[in-house]
Amino acid sequence: MALASALPVAAAGALVTGCSAADGGDRPAAAAPTPPQLRSDAEPLQRRFPELGPLSGATWVGAVLGGAAGDSRIAVPAPSDVRVDGFAGIGPATLASITGSGTWQPGPLGCPGVPDVLARELGDGRQATWLHSEGYDRSVTRNRYPGEFYFDREHSRVFFCTVNPEVHSS
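Criteria and cut-off values
Residues numbered from 1 in each chain as written. Predicted model: local features only at pLDDT ≥ 70, side-chain atom pairs only at ≥ 80, totals over all residues. Heavy atoms only, no water. Pairing = 2+ DSSP bridges. Helix = DSSP H or I, 4+ residues; strand = E, 2+ residues; numbered from the N terminus. Axes fitted to C-alpha atoms, helices over the stretch in contact; angles between N-to-C directions. Contact = heavy atoms within 4.5 Å. Phe/Tyr/Trp six-rings, centres within 6.5 Å; stacked < 30°, edge-to-face > 60°. Buried < 20%, exposed > 50% of the residue type's maximum accessible area, 1.4 Å probe, protein only. pLDDT = per-residue confidence, 0-100. Disulfide = S-S within 2.5 Å.

Novice: Quick one: what's the story with the sheet that holds strand β2 (residues 82–90), residue by residue and with numbers?
Specialist: Taken in spatial order, the six strands make up an open sheet running β1-β2-β6-β5-β4-β3, and their pairing is antiparallel. Because the sheet does not close on itself, it has two edges, and the strands there are β1 (55–64) and β3 (105–107). Mean inter-strand twist for the sheet, computed between neighbouring axes without regard to direction, equals 20°. Bridge count for β2 against strand β6 (residues 157–163) is seven bridges, and the pairing is antiparallel. The residue of β6 that forms the bridge with Ala88 is Val158. Packing of helix α5 (residues 134–141) onto the sheet brings it into contact with β4 (130–132) and β5 (147–152), and relative to β5 it is tilted by some 125°.

Novice: Summarise the packing of aromatic side chains; cite the residues concerned and give the values.
Specialist: Considering all chains together, one arrives at eight aromatic pairs under this definition. A centroid spacing of 5.7 Å and a plane angle of 40° characterise the contact between Trp104 and Tyr136, whose relative ring orientation is tilted. Of the two residues, Trp104 is situated in the loop between α3 (92–99) and β3 and Tyr136 in helix α5; the sequence distance between them amounts to 32 residues. With respect to class, Trp104 is no different from Tyr136; both count as buried. Three or more aromatic residues joined by ring pairs form one cluster here, namely Phe49, Trp104, Tyr136, Phe149, Phe151 and Phe160.

Novice: Tell me about the confidence of the model for the protein chain, and please be specific about residues and values.
Specialist: Mean pLDDT over the protein chain stands at 78; residues scoring 70 or higher make up 72%. Here residues 1–30 is a poorly scored stretch, pLDDT under 50, and it has 29 contacts once near neighbours within four places are set aside; other chains count.

Novice: Outline the environment of Arg144, listing residues and values.
Specialist: Inspection of the secondary structure assignment puts Arg144 in the loop between α5 and β5. Arg144 gets classed as exposed once you look at its relative accessible area, which sits at 56%. Taking C-alpha positions, Arg144 is 8.3 Å from Glu166, a pair spaced 22 residues apart along the chain.

Novice: Can you lay out the state of the cysteines for me, pointing to particular residues and giving the numbers?
Specialist: Under the defined criterion, the tally for this structure stands at one disulfide. The side chain of Cys111 participates in a disulfide bridge whose partner is Cys161; the two sulfur atoms lie 1.9 Å from each other. One quick way to see it: the torsion about the S-S bond of Cys111 and Cys161 is about -75°, and its sign makes the bridge left-handed. A residue pair is termed long-range when its members are at least 10 positions apart, and Cys111 in the loop between β3 and α4 (116–122) and Cys161 in strand β6 qualify at 50 residues. A single burial state applies to Cys111 and to Cys161, both of which are buried.

Novice: Kindly report on unusual backbone geometry, identifying the contributing residues and their values.
Specialist: Peptide bonds are mostly trans, and most non-glycine residues show a negative phi. One non-glycine residue, Arg142, adopts positive backbone phi at about 55°. Tracing the backbone through its elements, the reader meets Arg142 in the loop between α5 and β5. Using a relative accessible area of 40% as the deciding quantity, one classes Arg142 as partly exposed. In the Ramachandran plot, Asn143 falls in the positive-phi region, its phi being about 60° despite a non-glycine side chain. The residue Asn143 is located in the loop between α5 and β5 in this model. Asn143 sits in the exposed class, given a relative accessible area of 63%.

Right, dumping it as structure tokens:
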């Protein structure tokens, strides 16, 4: 079996490499990274975070990590890490059920490096009082991937920042 056929290619996006005339044609040149595009479809989020119940008004981005300008890592055809960040409306009863038990800490949104395009959409919401629980994070991620979930009771919404969130079967 050829090595190339043994390496899975991530469905999140293909890595594009080739020889560049600007560098003499002897080094691979990675495609210029594109900024993350806002998405509003809740279905992909529902499949990854069924614990949140039905979501509304979703605004999120998915980005392949390691594709940023200045990233010195060599891009090879292999599974890519995908960061999924965003926010969505959550039903008041579901929100009350989730935040009604466990240890919750109020404070500012704690996700590091929120993409600019998403921060603009969130606006002043970054300064809202968000509830966070490391125990809840672990209950959703099952320690299989990094992820944090913040809840805003005033606006009945959740903010999430994750890497490689798993798709749950229906």
